[in-house]
Amino acid sequence: MPNTIESALGSSSRAGALSRRSGSVVFGVVIFIASEVMFFGGLISGFFVLRAGSAFWPPPGQPRLPVLVTAFNTVMLLASALTMYRALQQAQRDRWQASGRWMIATMLLGAGFLASQGREWVRLVGFGLTARSSVYGALFYTIVGAHGLHVAGALVALLFVFGRLRRGAYSAANHEGLTACWIYWAFVVWLWPIIYVTVYLS
Amino acid sequence: METHQQPEPGFLRRYVFSSDHKTIAKQYLGIALFMSLVGGWTAYAIRWQLAWPATVVPGYGVVGQQFYNALVTMHGTIMVFFVAMPLLLGAFGNFCIPLMVGAEDMAFPRLNMLSVWTFFVATLVLLASFFVPGGAAASGWTGYAPLSDNPAYTHVVWGQTLWILALALEFASFLMGGVNFLTTALNLRAPGMTLWRLPLMVWFELNGTVLFLLSVGPLIAGAVMLLVDRLLGAGFYLPAKGGDPLLWEHLFWFFGHPEVYVIAMPGFGIMLEILPVFARKPIFAYRTIVWSAIVADGLSLIVWAHHMFISGMDPRLATPFSITTILISVPFVIIVFAMIATLWGGSLEFPSAMLFALGGLASFLLGGVTGIFLGSQSSDIYLHGTYFVVAHFHYTMFPVTFFAGFAGLYYWYPKMFGRMMNERLGKLHFWLTFSGFYLTFIPLFLAGLGGTPRRIYMPSEYVLYKPLQPLQVLATAGALLMLLGQLPFVINFLASLVRGRAAERNPWRANTLEWTVASPPPHGNFAGEPTVFRGAYDYSLPGRTTDWAPQDTPEPATLAAAG
Ligand SMILES: [Cu+2]
């Protein structure tokens, strides 16, 4: 059996059952994403409930969020979806050197996003926006932080898949781990504009 | 990666860190049964306090006010999250799904192992919370804010944080399990096992799982905010800091109501699996049952606010939630009708499994009917704060957890452990449990109608409710009878492991695939791949020598035309 991310999850196998089993990892990831969508749905509805309940938004005396810098971060993250898609395309054409390079680009963009976001956090804390300072601040750190943790988790998955790719674990016909990773990365990326519009612009 | 051709793994890999779904099922079962003893003990202390307030509870001592709150909180938490879920999903889901769909194991066996061990840690964390300074969480199993948010209200600091942590671990565990359940049932089916040939047990486990996966996210979001409040000093749920305690109730009940169905669906699955076997009749309206369950699933996501009619929610919201709540009884009535129609005219047999299934069906009916009064906001405003609600939800949760759970245990025990249980002890167990259950909760319906408020340490303190105190004593007598009634089960379960008669492959003459392999099934389940030719409920077909037809028996041409 070709090694994929499946063996990391301990995917069940039976000689001759490969066709029936293939697709399990992608399927599992999609199911997981469905519950993640509900998780962020809960956070975002919490945002709107609390926002509707306060007279002023943002509350007086609280710093404004860095709309422009974050717009740049948003573009950086969206670009990483494109590079990851290129990595997948190259994999389908059996070009593993190129695929690996596009993955490195994806990881750099993702890490750049996290680093830039982290820098903004430090600045905001310096301006007096904390979880304790207002519900506004608490919502900001909770929602943006939850997304950041997801990006970090997805980066670990990318790194893992990249390692397998480098060891020649995938083939043009079978690279389900890479596909699953692309789907999860796309989810994490496309979630961000929704959060950006909600938290920074609305 | 293991395949069934390989030699059996060593002791640790086989019994402790096993990735075999059958072993994992037994591990979930073990934790669930142990935790049901802990949950039973909390029920005993609570009931004793309510019948004979502030007297010495035999074996413990006097239950103080603070500890009473912790007992009530932990009773609900344990029974819902650490008994019902691991029993109905963890144990039965893990055991039945791969066997019933004809798979060698779950889709991701190692993820499955991680799931049960995460759950084990969650259990330890929850149990540890009894022993930390300040004691266990005391804000109710619903963890209402601000009680759960600010330690000033309950004097519980560590207990509440550990409670959140234990639930977070439990949810992570069941998320992993859920991904496995769905992927296995949809992707690893044997050839011929079409969706419309899936046993209802599988369909209902899937329904419960999907509902869990869709509803748990918002509660995790709510729990994250609660943790941020507690640990970082934010005020999501504290009005003084610009927060809103109702937000917690919305997020909790968005999950909490579907959670009832996450448990009820597998419970119904067990009953639906057992009824046709012991009625020797095909299930009535198989596809209608499946569609009804799916509709009930969908509706259950839009009824949550019926728990909040007296919480200070916008009253204009109450009417739509009343309507959806009353609508949801329709699919359940259809399922119950199909169950009764399955029994109608059958050649009924009454082993313990069937008794528990029938007891569960009858009791759930009463739970469902009393729910209508709580779904309608006009009557709910009077009843919501009373023991009527306590009796109602025990009449829904207990039947699906324990009656259906025991039915499943008596039914699948031979397959799980390769031995038969003792039927006489089983029937004794049923009648003691059944009568104890009714004796406990019928009086509580009456106490609730009389207005006795729930959630308080000593309702008899109030002159108004003092005349209703005999009802509380009756309920406690029932609870003691019920607890005593578990003794034959414990003896039966343990003794049958060593002394039970060896089980044949198919002791109940049933059709689903697990009965076509040895008891217990070997590692890898099937020798080769089974092929499925028919649905799971071909009982008493005309023109056959046996009155059952396992799913892997080819369909004779003549019957194909008739069917
Ligand atoms: Cu409800």
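No experiment lies behind these values; they were computed from the predicted model shown. (Residues numbered from 1 in each chain as written. Chains lettered and ligands numbered in written order. Predicted model: local features only at pLDDT ≥ 70, side-chain atom pairs only at ≥ 80, totals over all residues. Heavy atoms only, no water.)

1. Details of the overall build of chain A
Threshold: Helix and strand definitions here come from DSSP, where helices need a minimum of 4 consecutive H or I residues and strands a minimum of 2 consecutive E residues; each element is numbered from the N-terminal end. A simple rule labels every residue: compare its accessible area, found with a 1.4 Å probe on the protein chains alone, to the largest value its type can have, and call it buried under 20%, exposed over 50%, or partly exposed in between. In this description, contact between two residues means that some pair of their heavy atoms is separated by no more than 4.5 Å. Surface accessibility follows the Shrake-Rupley procedure with a 1.4 Å probe radius. Residue values consider only the protein chains on display as shielding.
If you tally the helices and strands in chain A, you get seven helices and zero strands. The buried share among the 202 residues of chain A stands at 55%. Contacts in chain A between residues far apart in sequence, at least 24 positions, make up 79% of those at least 6 positions apart. As displayed, chain A has an accessible area near 8700 Å², and 69% of this comes from carbon and sulfur atoms.

2. Here we look at the nonpolar core
For clarity, the threshold we go by: The nonpolar core is taken to be a set of buried Ala, Val, Leu, Ile, Met, Phe, Trp, Tyr and Cys residues, with the residues joined through side-chain atoms within 4.5 Å.
Among the nonpolar cores identified, the biggest contains 250 residues, and Phe82, Leu200, Phe204, Phe268, Tyr411 and Trp412 of chain B are the most heavily contacted of them. If we skip the residues at most four places from it in the chain, leucine 200 of chain B touches Gly269, Leu272, Glu273, Ile283, Tyr286, Ile289, Val290 and Tyr537 of chain B.

3. Some details on the coordination of the copper ion
Residues and elements named next belong to chain B. Defined as follows: Any N, O or S atom lying within 2.8 Å of the metal counts as a donor, with the limit raised to 3.2 Å for Na, K and Ca; because water is left out of the atom set, some sites can appear incomplete.
Every protein donor of the copper ion is listed here as His257 (ND1), His306 (NE2) and His307 (NE2), and their distances to the metal cover 1.8 to 2.0 Å. The sequence pattern describing where the donors of the copper ion fall on their chain is H-x48-H-H. Note that histidine 257 is positioned in helix α8 (residues 245–279) and histidine 307 in the loop between α9 (286–300) and α10 (318–327), a separation of 50 residues in sequence. Residue classification places histidine 257 among the buried residues on the basis of a relative accessible area of 8%.

4. Quick look at the interface of chain B and chain A
In many analyses, interface size is given as the accessible surface area lost on bringing the parts together. Note the threshold: Buried surface area refers to the total accessible area, computed with a probe of radius 1.4 Å, that the two partners give up upon joining, counted for both partners together. The definition of a polar contact used here is a pair of N or O atoms within 3.5 Å, where within protein one atom must be able to donate a hydrogen and the other to accept one, and adjacent residues in sequence count solely through side-chain atom pairs. Classes in brief: Ala, Val, Leu, Ile, Met, Phe, Trp, Tyr, Cys and Pro nonpolar; Asp, Glu, Lys and Arg charged; the others, Gly included, polar.
Contacts between the two partners involve 47 residues from chain B and, on the opposite side, 33 residues from chain A. Between chain B and chain A, roughly 3200 Å² of surface is buried when both sides are summed, and carbon and sulfur atoms account for 66% of that area. Scanning the region where chain B abuts chain A turns up one residue pair in polar contact (both at pLDDT 80 or more). Going through the elements one at a time, α4 (109–128), α6 (158–187), α7 (200–232) and α8 of chain B are the ones with two or more residues in the side of chain B that touches chain A. Of all the elements, α7 of chain B adds the most residues to the side of chain B that touches chain A, at 10 residues. The class makeup of the residues in the side of chain B that touches chain A is 28 nonpolar, 11 polar and eight charged.

5. Regarding the packing of aromatic side chains
All names here are of chain B. As a reminder of what qualifies: Aromatic pairs are defined between Phe, Tyr and Trp rings, using the six-membered ring for Trp, whenever the two ring centres lie within 6.5 Å; interplanar angles under 30 degrees are classed as stacked, those over 60 as edge-to-face, and all others as tilted.
Summed over the entire model, instances satisfying the criterion amount to 84 aromatic pairs over all chains. For the ring pair tyrosine 286 and tyrosine 537, a centre distance of 6.1 Å and an interplane angle of 45 degrees mean the geometry is tilted. Linking tyrosine 286 in helix α9 with tyrosine 537 in the loop between α17 (486–499) and α18 (557–562), this pair joins segments that are 251 residues apart in sequence. As far as the burial class goes, tyrosine 286 and tyrosine 537 line up, both buried.

6. Some details on the confidence of the model for chain A
Residues and elements named next belong to chain A. Put simply, the test is: Per residue, pLDDT captures the predictor's confidence, and it can take any value from 0 to 100.
Chain-level statistics for chain A give a pLDDT mean of 90 and a share of 90% at 70 or above. Counting interchain partners and residues more than four positions distant, the pLDDT-below-50 stretch residues 1–8 has 26 contacts. In the model, residues 11–20 has pLDDT below 50 throughout and makes 33 contacts with residues more than four positions away in sequence or in other chains.

7. Describing the side chain of glutamine 469 of chain B
All names here are of chain B. On the secondary structure map, glutamine 469 appears in helix α16 (residues 469–484). Judged by its relative accessible area of 14%, glutamine 469 falls in the buried class. In this structure, glutamine 469 is in contact with Leu50, Ala51, Pro53 and Ser460, ignoring residues within four places of it in sequence.

8. Details of the pattern of salt bridges
Let me state the cut-off plainly: Only one rule defines a salt bridge in this text: a Lys or Arg side-chain nitrogen within 4 Å of an Asp or Glu carboxyl oxygen.
Taken as a whole, this structure holds eight salt bridges over all chains when the rule is applied. With a closest N to O distance of 3.6 Å, glutamate 120 of chain A and arginine 119 of chain A form a salt bridge. Look at glutamate 120 of chain A and you get buried, because its relative accessible area is 4%. Residue arginine 119 of chain A is classed as exposed on the basis of its relative accessible area of 52%. Between aspartate 314 of chain B and arginine 316 of chain B there is a salt bridge, and its shortest N-O distance comes to 2.7 Å.

9. Things to note about the environment of threonine 179 of chain A
All names here are of chain A. Residue placement: threonine 179 occurs in helix α7 (residues 176–201). A residue is classified by how much of its surface remains accessible, and threonine 179, at 22% relative accessible area, is partly exposed. For the pair formed by threonine 179 and glycine 28, sequence separation is 151 residues and the distance between their alpha carbons is 12 Å. Apart from the residues within four sequence positions on either side, threonine 179 is in contact with Val26 and Leu88.

10. Digging into the side chain of asparagine 112 of chain B
Residue and element names in this part refer to chain B. The residue asparagine 112 is located in helix α4 in this model. By relative accessible area, asparagine 112 is classed as buried at 0%. Of the polar contacts made by the side chain of asparagine 112, one reaches the side chain of asparagine 94; its length is 2.9 Å. Discounting residues that sit within four places of it in the chain, asparagine 112 has contacts with His21, Ile24, Asn94, Met106 and Asn180.

11. So, unusual backbone geometry
It is generally the case that most residues other than glycine have a negative phi and that most peptide bonds are trans. A cis geometry characterises the amide bond from alanine 145 of chain B onward to proline 146 of chain B, with omega recorded as 5 degrees. Tracing the backbone shows proline 146 of chain B in the loop between α4 and α5 (151–154). Here the phi dihedral of aspartate 94 of chain A falls at roughly 70 degrees; this positive angle occurs in a residue that is not glycine. Inspection of the secondary structure puts aspartate 94 of chain A in the loop between α4 (67–92) and α5 (96–126). Positioned with a positive phi, asparagine 525 of chain B is a non-glycine residue whose angle comes to about 65 degrees. Within the secondary structure layout, asparagine 525 of chain B lies in the loop between α17 and α18. Judged by its relative accessible area of 1%, asparagine 525 of chain B falls in the buried class.

12. Details of the environment of alanine 45 of chain B
Tracing the backbone through its elements, the reader meets alanine 45 of chain B in helix α2 (residues 21–51). If near-sequence neighbours (up to four positions away) are discounted, alanine 45 of chain B is found in contact with Val57, Val63 and Leu71 of chain B.

13. A closer look at the packing of α16 of chain B against α17 of chain B
All names here are of chain B. How we decide: Note on definitions: angles span 0 to 180 degrees between N-to-C directions of axes, and those axes are lines fitted to C-alpha atoms, for helices only across the stretch in contact. For classification purposes, angles smaller than 35 degrees are called roughly parallel, those larger than 145 roughly antiparallel, those between 65 and 115 roughly perpendicular, and all remaining angles oblique.
Interhelical geometry of α16 versus α17 gives an angle of 15 degrees and a closest axis separation of 4 Å. What the angle tells us is that α16 and α17 run roughly parallel. Here Met482, Leu483 and Leu484 of α16 lie close against α17, whose contacting residues are Gln486, Leu487 and Pro488. Residues that form the contact of α16 with α17 fall into these classes: five nonpolar, one polar and no charged.

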